[in-house]
Every structure is written in structure tokens, then in C-alpha cells.
Amino acid sequence: MEQFAESRYVRPGGPNEQGRGRSVSLPANICPTDGAMGYRAHMSRLGDAGTAIIVHELRKRYGNHQAVDGVSFTVAEGEFFGILGPNGAGKTTTLEIIEGLREPDSGSVWLLGHRPWPRKKHLLRRIGVQLQASSFFERLTVKEQLETVASLYGVGRGTAADMLELVGLTEKADTRENKLSGGQRQRLSIACALAHDPDIVFLDEPTAALDPQARRNLWDVLRAIRERGKTIVYTTHHLDEAEELCDRVAIMDHGQILAMAPPADLVRGLAAPTRVLVPAGAVPLERVRSVPGVDEVAEEAGTLTVSTRTPAPVLATLAQQGALDGLQVRSATLEDVFLHLTGRRYRA
Amino acid sequence: MSAPRRDRRRDGPPEYVWVPSPLVHAASDQPTVRMRHPAASSTSNGVVPDGVRSLEPPEAPPPSTTDLSSRIQQRTPPPEAEEQPDNGAWINSFRSLSAAMAKGFARDKVGVFFTFLFPLMFLVVFGLLFRDDSATKTRIAVVGDGPVVAALQRAGAVDLERMGSATEAVAKVQRGDVPAALVVNGNAVQLRFAASNQTEATTVQGLVGGVVDKVNLASSGRPPAVKLDSRQVEDSSLKAIQFITPGTLSLAVSSSAILGATLTLVSWRRKQVLRRLRLAPVSVATVLTSRLLLSIGIAVVQAALFIGVASAPVFGLRLSGQWYLALPMLVVGTLAFFSIGMLIGSFAKTEESAGALANLLVLTMGFLSGTFFPIEKAPEWLQTVSKLLPLRYLVDGLLGVMVRGQGVEALTVPVVALLLFAIVVALIASQLFVWDDA
């Protein structure tokens with residue numbers, strides 16, 4: 001009990017409650033790998049934010065397969081939180097438990113201060129879930145789809161039009177759902193998730209199966225949603241995308257969270273070497289190898305790759321040698337983090 | 001080093017100095033910003049002690065959530081108030097869901113064809129096949145004319161085939177084309193029959209004999225000593241179309257109600273539309289009743305179409321007095337078959353298997369319940385079996401009020417039977433129902 005001594009938990013309706021109306025505590029730092037400093041920095045950027053989601057020691061087993069194996073994290077209000085990992089890592093199951101669609105075998109979830117299981121209508125009004133890009137009412141137009149969904153929540157038509165604009169489908173308002181392209185369907189399904197102006201938005205692989213152009217268009221949509229102050233929890237298996245969009249990511253594999261921090265922190269924490277690439281032959285191999293701070297030099301397929309943790313002297317040497325044409329500098333990415341954590345290449 | 005746990009209300013705006021930290025796994029020198037709450041139950045180095053791990057987290061929300069829930073309550077009414085059924089919202093959802101489903105249905109041309117025109121083909125085909133009631137009437141050859149022939153025609157019991165000469169007519173009897181030939185020559189009436197067709201010949205003899213007697217009696221001017229009043233119990237014109245119409249209509253209504261419920265459930269589950277509804281604050285009842293409303297609407301349109309087509313002169317349907325009582329019968333029938341559809345839709349995984357199962361059920365019931373023929377003419381065992389099937393009660397009810405001229409009393413048994421059936425099946429369906437495949 002000692003460890004609960006500083007707990008500020010107060011029963012609802014208790015004597016201290018009114019006084020704490022505006023007080024906000026930082027969410028507990030549950031995950032051992034959650035870089036707390038990064039989190040604080042993140043929190044300070046968000047300003048006065050509460051906790052939107054608390055997930056504690058979630059477990060779910062299907063037959064012999066442990067889909068989710070002790071997942072814990074918290075998400076602050078207004079945060080863009082990414083859960084990434086390869087297919088089958090347990091991302092979707094985790095998300096479905098948080099949304100209240102599945103009951104965990106053990107562990108608990110608080111969503112805006114309530115347990116999502118069993119189904120609670122008042123909670124459903126405050127969360128928006130993006131579903132498969134097929135989960136539309138048959139043969140309705142884009143606008144009718146959104147208005148029908150909005151009416152399920154008792155929301156007027158204005159919001160529907162607003163959401164159409166947000167996802168850039170205003171011109172397609174009178175197009176039937178089955179005439180839309182893949183990217184447009186994804187955007188419509190996101191608009192449907194937003195139709196009732198929820199506080200938390202769950203997006204399960206919104207960019208899966210999209211071409212690069214459509215993916216980037218969708219990124220703009222996601223950023224726009226975030227600017228509206230929504231809390232976003234999103235899964236993806238595109239690590240580059242998570243790096244681009246998320247305030248904080250949790251890397252999942254085999255039902256467990258391997259690391260959780262802002263993407264930049266994860267990459268920086270890896271302390272992986274920067275790789276400088278120049279066309280082979282632009283500079284003598286030996287000359288580069290002698291530069292202080294160079295870890296490794298490799299020549300392969302017409303490219304000379306120099307790995308270093310101190311790129312400055314390397315770049316200076318290359319400049320001296322006049323070998324800057326066609327130069328590329330690559331720093332570590334989340335893919336390297338994944339490789340480091342799991343010991344294997346990331347398989348998207 | 002002191003823990004910068006903050007109470008912002010007291011401490012004012014936070015001033016965080018952010019120092020990038022290396023990626024550490026379960027580092028023991030974790031920074032000290034560390035809230036504890038009962039659910040976390042972790043020690044300061046992030047390692048959960050063994051004894052604590054097995055403990056269920058407390059049911060009450062953790063502290064950070066407590067602060068939050070007080071915030072939530074500032075923004076929205078307390079949950080208890082929100083859980084109250086909101087009638088206005090219910091109507092709204094119901095209306096827009098019904099509209100969405102109706103639009104989706106009307107825009108599906110193949111679906112509309114199979115719902116309305118395909119069953120109508122049964123009516124048209126069977127109606128035309130059995131259009132000539134003479135199939136059950138005896139046909140005799142007639143030569144000449146007179147009061148006897150006129151009386152025979154009025155009686156309508158036999159069909160008369162006019163022939164040019166007596167020789168020709170007799171030859172026809174000899175060939176076995178007609179059982180008898182009537183040759184009228186002034187007051188002489190000759191009847192020639194083929195003894196090989198005993199039954200029909202006897203009928204014709206009796207019939208012609210009776211007509212001749214009647215004509216004789218009439219010409220004598222004396223009142224008849226015995227007066228016979230014979231009448232058919234059914235509507236005097238109970239031609240085939242009279243039972244084919246309610247029968248095929250019942251088949252159409254049951255088929256579209258079962259398929260409508262089944263395919264909606266299965267395809268919505270597969271496409272995750274059910275999940276969308278589950279994630280919205282609507283009740284299952286709202287969703288199901290809005291689809292039921294569409295099915296009832298479809299049944300009413302089907303009835304109008306069937307009655308319209310069958311009333312065309314080619315078929316000659318004649319509705320009896322209280323035919324509008326068919327409406328409540330259709331509603332109750334739709335309810336019963338919709339519940340069967342819900343049952344199939346609760347466990348079928350794909351639209352194909354659901355559709356096949358539904359069609360099998362509808363056709364089997366159709367053949368066993370007297371939709372194509374009057375059930376009274378079926379063997380005893382079939383009549384017994386048919387009493388176990390809901391379609392039989394719909395057919396009975398519709399027959400009673402549409403063509404037999406019966407009133408509300410004819411609906412009692414069918415309505416009670418179908419309602420009971422609907423309740424039982426819907427209860428089973430609700431037990432088997434799942435939102436999601438996985």
C-alpha cells in the first residue's frame with residue numbers, strides 16, 4: 001500500500017473533488033521503456049492537457065496465440081499517438097479492446113475516465129473509430145453516408161458538410177460510395193469517424209493499401225484533424241509515416257510494446273551512426289578511412305558508404321576532395337530502431 | 001533531484017527543460033517524473049514486483065483519471081443522465097436509418113427485380129396455366145340450338161363445343177375427344193355418349209336429363225313441386241387465380257422478408273457496418289426495426305402489385321369484401337419471416353451461404369404450405385406438416401380475407417400463430433447474434 005501513498009486518487013464525489021477541478025497530473029509512466037523526459041517535453045508542448053486513455057497490462061489470447069501480451073500506456077488529450085509494428089503484432093486487437101469492441105482477458109482500460117467494456121452509449125458519443133473502407137451503407141452517396149452516420153449520433157447536417165471539406169471530398173459529395181477510389185474511400189471512412197465531432201479518434205491503418213500520392217494526401221488530413229485538438233490513436237505499419245506524424249509512438253511486436261517515446265527520441269536514443277553516401281571512386285577509400293570518427297567504410301554497387309557518429313569531419317574531408325556531387329546523408333530511422341529492438345529487419 | 005510532480009493549479013505553468021535522453025530499456029536511473037496510481041502498481045525502476053503483478057487493478061479509475069472525470073463532468077452531463085433513453089434521438093436515428101436502407105434498396109436494380117418482378121412471374125405463369133377452369137369441366141359437342149342448349153349454357157357446368165353436323169359430333173365422341181354429343185333438332189334432343197368414359201358420361205346424362213326436365217316443367221307452366229337451391233360454398237367464381245394470388249403473394253412476402261433480414265445482417269457484419277452501428281449510441285432494436293419497416297413496406301408494395309396484375313382481365317381476380325384485412329396479415333407475416341431471416345443471419349458467414357439457405361427454406365415451405373394449390377386438396381400428412389410452417393398461416397389468413405369473404409375472425413389463428421412463431425425465433429436469434437466475425 002505504501003506505493004499508493006502519494007496517490008491522489010479521490011473517489012468521485014469525495015470532499016476534495018471540487019478543489020481539483022482544474023488540476024492535471026502527468027499520466028503515470030507505466031511502460032519501462034517510455035522515455036519520461038521525452039514525454040514531459042511532449043506534455044509541455046501540449047500545455048495543460050489531461051489524460052485521454054489509460055491502458056494497463058492488457059492481455060488477450062486467441063486459442064494458442066497470445067495476441068496482446070501485457071500492454072500498458074497512456075495517451076494525453078490532444079496527443080497524436082502511434083502504435084506501430086508489423087502485421088500480426090497485436091496493434092488492431094489492442095485498439096479494439098480500447099474502443100470497447102472486445103473484452104480483454106486481463107488488464108484494464110480507461111477511456112476519458114470510463115471503462116469502455118461493456119458498451120456505454122455516453123462514451124461512444126465521444127470516440128470516433130475509423131472502420132474498414134467498406135463499412136458503408138449500400139449505394140448511398142458520400143453525403144448521404146455521412147449524414148446517416150451523423151444522425152446515429154444525433155448530429156445535424158452541418159457537421160457532415162464540415163467533415164467532407166476536412167477530408168477533401170466536397171466535390172464527391174453526390175458520388176456513390178462504390179464509385180470512389182481507394183484513397184477517397186479511406187478519407188470517407190475517416191470522415192465518418194469524425195462525423196459526430198468526437199474527442200478521441202481511432203484510426204486503424206488508415207494509409208494501408210494506398211499509393212504514395214494518396215498516402216501523402218491523407219497525411220495532410222491527419223494533420224488537420226490533429227490541429228482541431230483531437231486525441232488521435234493510430235496504428236500503422238509504415239514506420240516512416242509514424243515518424244512524420246506522431247507525437248509519440250509505441251513499437252509493438254508479438255503483442256508487446258518494445259519501446260515507447262517520441263519518434264525523434266527513439267532514433268536519437270539509438271545513437272546509430274549517420275551514413276554518408278558518395279559515388280564510388282569520387283574519393284580514395286583509404287583517405288576516407290583515415291578520417292577520425294569513421295566507424296566503417298563500405299563500397300558496394302557503385303556507392304561508397306561511410307558510417308560515422310561525427311559526420312562533420314567526414315563532410316569536411318569530402319568537401320576538400322571535391323567529392324560532394326551526388327552526396328547523400330542518411331541518419332537513422334525508426335526502421336533502424338526496430339532492427340535494433342528485434343534483431344531483425346522490419347517487415348512491413 | 002526532487003520529483004517535479006506538478007500540481008499545475010498550485011505551481012503555475014510548467015517550465016520543462018528537455019534534455020534528450022538515450023533510449024534506455026528499463027533503466028534504473030529513470031527520470032523522476034513518475035506518477036503512481038493504483039493501476040500502475042510499479043516500483044520506481046519500472047519493474048513490477050511479482051506479488052503485485054497478479055493483483056487485479058482496482059475497479060475505480062486511477063488518480064489521473066479522477067481529475068479527468070471531474071473535468072469531463074464540467075463539459076458534459078453526468079453519464080446517468082445520458083443513459084436515459086432519448087426519444088427524440090431514437091426517432092431521428094430510426095428515421096435516417098430507414099431512409100438510408102430504403103434508398104439503398106431502391107437503387108439496387110437487380111434486388112428490386114428479384115423482390116418484385118421475379119415472384120410476380122410465379123403468379124403470371126400459374127395464373128395462365130390454370131386460367132381455363134374447363135380443365136375441371138366436361139366438354140361436350142353440340143349441334144343445333146334451342147332452350148335446352150341455352151339452359152345448359154346458363155348452368156355453366158359443361159363447356160359446349162359447337163359442331164356443324166350430327167355425324168361430325170358423333171365421330172368426335174367415337175374418337176374419345178368428348179364424352180358425349182348433344183344433337184338438338186327442334187323438340188327432339190338426342191344425346192350420344194361413349195360408355196368407355198363411364199364417369200363423365202353419367203355426369204353428362206344426369207345433367208342433360210335434369211335440364212330437359214326443367215325445360216319441360218317450365219313449358220307446362222306449373223310450379224315445381226320440389227325446389228332445389230344448390231350453391232358452392234366458396235365465392236361463386238373460385239377460379240384458380242383466386243387461390244394462386246394469395247399463395248404466390250405469401251411466397252413473395254416470405255422470401256423477401258427472410259432474404260432482406262438475412263442478407264442485411266450478413267453483409268453488414270462482413271463489411272463492418274454492424275461494427276459502425278455498435279460504436280454508435282443506437283440500440284440494436286432501432287437498427288432492426290428500421291430494417292423491418294422496409295420489409296413491411298416491400299410486402300405492401302408486393303401485395304399491391306400482385307392484386308393489380310391478378311385483377312387484369314386475363315386472370316380475373318375478384319377480391320372479396322374485407323380484403324383490406326390482408327394488410328395486418330402482411331405485417332404480422334413479415335414480422336415472422338423477418339425473424340427467420342435474423343436467425344439465419346445470426347450464424348451464416350457469407351452472403352452466398354445465407355442466400356442459399358434462405359432460398360431453400362422458402363421454396364420448401366412454399367411447396368409444403370399450399371402456395372401453388374389449395375392445401376385442402378393435398379394429402380392428409382401434408383396438411384399436418386403444413387400446420388407446423390409459418391407460411392401456411394400467412395396463406396390461410398390471406399385466402400380467408402382476400403377471396404373467401406371472411407372477416408376478422410379468419411385472422412385470429414394465423415395472427416396468433418405467426419406472432420408466437422416470431423417471438424420464439426427472434427429470441428433464439430438474439431441468443432445466437434454476434435456483432436463481429438472474429
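Residues numbered from 1 in each chain as written. Chains lettered and ligands numbered in written order. Predicted model: local features only at pLDDT ≥ 70, side-chain atom pairs only at ≥ 80, totals over all residues. Heavy atoms only, no water.

The name given to chain B in an unreviewed UniProt entry is Transport permease protein, with Longimycelium tulufanense as the source organism. Looking at chain B in UniProt, the text filed under Sequence similarities (unreviewed entry) is "Belongs to the ABC-2 integral membrane protein family." (UniProt positions renumbered as here; feature names shortened; annotations may be inferred.)

**Here we look at the overall build of chain A**
Looking only at helices and strands, chain A features 12 helices and 13 strands. Looking at chain A as a whole, 58% of its 348 residues qualify as buried. When contacts within chain A are restricted to residue pairs at least 6 apart in sequence, those whose partners lie at least 24 apart make up 66%. When the accessible surface of chain A is totalled, it reaches about 13600 Å², and 47% of it is carbon and sulfur. (Helix = DSSP H or I, 4+ residues; strand = E, 2+ residues; numbered from the N terminus. Buried < 20%, exposed > 50% of the residue type's maximum accessible area, 1.4 Å probe, protein only. Contact = heavy atoms within 4.5 Å. Areas by Shrake-Rupley, 256 points an atom, 1.4 Å probe, with all protein chains shown as cover.)

**What about the confidence of the model for chain B?**
Predicted confidence across chain B gives a mean pLDDT of 77, with 76% of residues reaching 70 or more. For the stretch residues 1-85 of chain B, pLDDT sits under 50, and the model shows 182 contacts to residues farther than four places along the chain or on other chains. (pLDDT = per-residue confidence, 0-100.)

**Quick notes on the sheet that holds strand β1 (residues 138-143) of chain B**
Note on sheets: strands pair through backbone hydrogen bonds, and any given pair is parallel or antiparallel. All names here are of chain B. Spatially, four strands are ordered β2-β1-β3-β4 in an open sheet, and the strand pairing comes out mixed. Two strands bound the open sheet, and with one partner strand each, they are β2 (158-162) and β4 (188-193). Strand-to-strand twist in this sheet, taken as the mean axis angle between neighbours without regard to direction, amounts to 25°. The pairing of strand β3 (residues 180-185) with β4 spans six bridges and is antiparallel. Bridge pairing in β4 places V183 opposite Q190. Packed on one face of the sheet, helix α7 (residues 147-155) meets β1, β2, β3 and β4 and runs near 135° to β2. Against the sheet, helix α9 (residues 198-220) contacts β1, β2, β3 and β4, and its axis sits at roughly 170° relative to β4. (Pairing = 2+ DSSP bridges. Axes fitted to C-alpha atoms, helices over the stretch in contact; angles between N-to-C directions.)

**Observations regarding the pairing of strand β2 (residues 65-76) of chain A**
All names here are of chain A. Pairing of strand β1 (residues 51-62) with β2, which is carried by nine bridges, proceeds in the antiparallel orientation. Bridging from a neighbouring strand, Y62 pairs with H65 of β2. Between β1 and β2, which pair antiparallel one after the other, the connecting turn spans two residues, and G63 there sits at a positive phi close to 60°.

**Description of the UniProt feature "transmembrane region" (unreviewed entry) in chain B**
All names here are of chain B. The positions that UniProt labels "transmembrane region" (unreviewed entry) are, in the present scheme, residues 110-130, 243-268, 292-317, 323-344, 356-375 and 411-435. In the segment residues 243-268, helix accounts for 100% and strand for 0%; the C-alpha atoms at its two ends are 37 Å apart. Overall, residues 356-375 shows 65% helix and 0% strand. The separation of its end C-alpha atoms is 26 Å.

**Topic: unusual backbone geometry**
Residue and element names in this part refer to chain A. In this model, W117 is joined to P118 through a cis peptide bond whose omega is -5°. You will see that E57, though not glycine, has its phi angle at about 50°, which is positive. Relative to the helices and strands, E57 resides in strand β1.

**Description of a nonpolar patch on the surface**
Residue and element names in this part refer to chain B. The grouping of V110, F113, F114, L117, F118 and M121 at the surface amounts to a nonpolar patch, some 560 Å² of accessible area in total. Mapping F113 onto the fold places it in helix α6 (residues 109-129). Given the relative accessible area of 35%, F113 is considered partly exposed. (Patch = residues over 30% accessible without salt bridge, like charges linked within 9 Å, V, L, I, M, F, W, Y side chains within 5 Å. Salt bridge = Lys/Arg side-chain N within 4 Å of Asp/Glu carboxyl O.)

**Here's the deal with the sheet that holds β1(A)**
Residue and element names in this part refer to chain A. As summarised here, the arrangement of the three strands in space is β2-β1-β4, forming an open sheet in which the pairing is antiparallel. The sheet terminates laterally at β2 and β4 (106-111), the two strands that pair on one side only. Adjacent strand axes in the sheet meet at a mean angle of 15° when their direction is disregarded. Relative to the sheet, helix α2 (residues 91-99) contacts β1, β2 and β4, its axis offset from that of β1 by approximately 120°.

**Some points on the pairing of strand β9 (residues 256-261) of chain A**
All names here are of chain A. As paired elements, strand β8 (residues 248-253) and β9 share five bridges and run antiparallel to each other. By the bridge assignment, A250 is partnered in β9 with M260. What sits between the antiparallel neighbours β8 and β9 is a turn of two residues, in which H254 has the positive phi angle 50°.

**A word on the packing of helix α13 (residues 326-347) of chain B against helix α16 (residues 390-402) of chain B**
The geometry of a pair of packed helices is captured by two quantities: the angle between their axes and the separation between those axes. Residues and elements named next belong to chain B. Across the interface, α13 lies against α16 with an axial gap of 10 Å and an inter-helix angle of 170°. As far as their axial angle goes, α16 and α13 are roughly antiparallel. Within the contact between the two elements, α13 uses A326, M329, L330, G333, F337 and I340 and α16 uses P390, L391, Y393, L394, G397, L398, V401 and M402. When grouped by side-chain class, the residues that make up the contact of α13 with α16 number 12 nonpolar, two polar and no charged. (Parallel < 35°, antiparallel > 145°, perpendicular 65-115°, else oblique. Nonpolar A, V, L, I, M, F, W, Y, C, P; charged D, E, K, R; others polar.)

**A short note on α7(B)**
Residues lying three or four places apart along an α-helix face the same way, a consequence of the helix completing one turn every 3.6 residues. Residue and element names in this part refer to chain B. For α7, the set of buried residues is V148, V149, A151 and L152. With its buried residues spanning 160° around the axis, α7 presents them on a single face. For α7, the exposed residues set more than 90 degrees away from the buried face come down to P147 and R154. The inward-facing, buried residues of α7 abut β1, β2, β3, β4 and α9. Count one or two residues on from α7 and you reach G156, which has phi positive near 70°. (Arc of directions from axis to C-beta.)

**A few points about the packing of aromatic side chains**
Per the stated rule, a full pass over the model turns up 13 aromatic pairs over all chains. Ring centres of B:F113 and B:F114 lie 5.3 Å apart, and the angle between their planes is 90°; this geometry places the pair in the edge-to-face category. By relative accessible area, which is 47% here, B:F114 ends up partly exposed. Their ring planes at 55° and their centres at 5.3 Å tell us that B:F367 and B:F372 sit as a pair that is tilted. Under the relative-accessibility criterion, B:F372 is labelled buried at 8%. Taken together, B:F113, B:F114, B:F118, B:F122, B:F126, B:F367 and B:F372 form an aromatic cluster joined through their ring pairs. Here A:R115 stacks its cationic end above the ring of A:W110, 4.7 Å away from the centre of that ring. (Phe/Tyr/Trp six-rings, centres within 6.5 Å; stacked < 30°, edge-to-face > 60°. Lys NZ or Arg CZ within 6 Å of the ring centre and 35° of its normal.)

**Some details on the confidence of the model for chain A**
Mean pLDDT for chain A: 80, with 84% of residues reaching 70 or above. A low-confidence stretch, residues 1-48 of chain A stays under pLDDT 50, and its non-local contacts, those more than four residues away or across chains, total 137 contacts.

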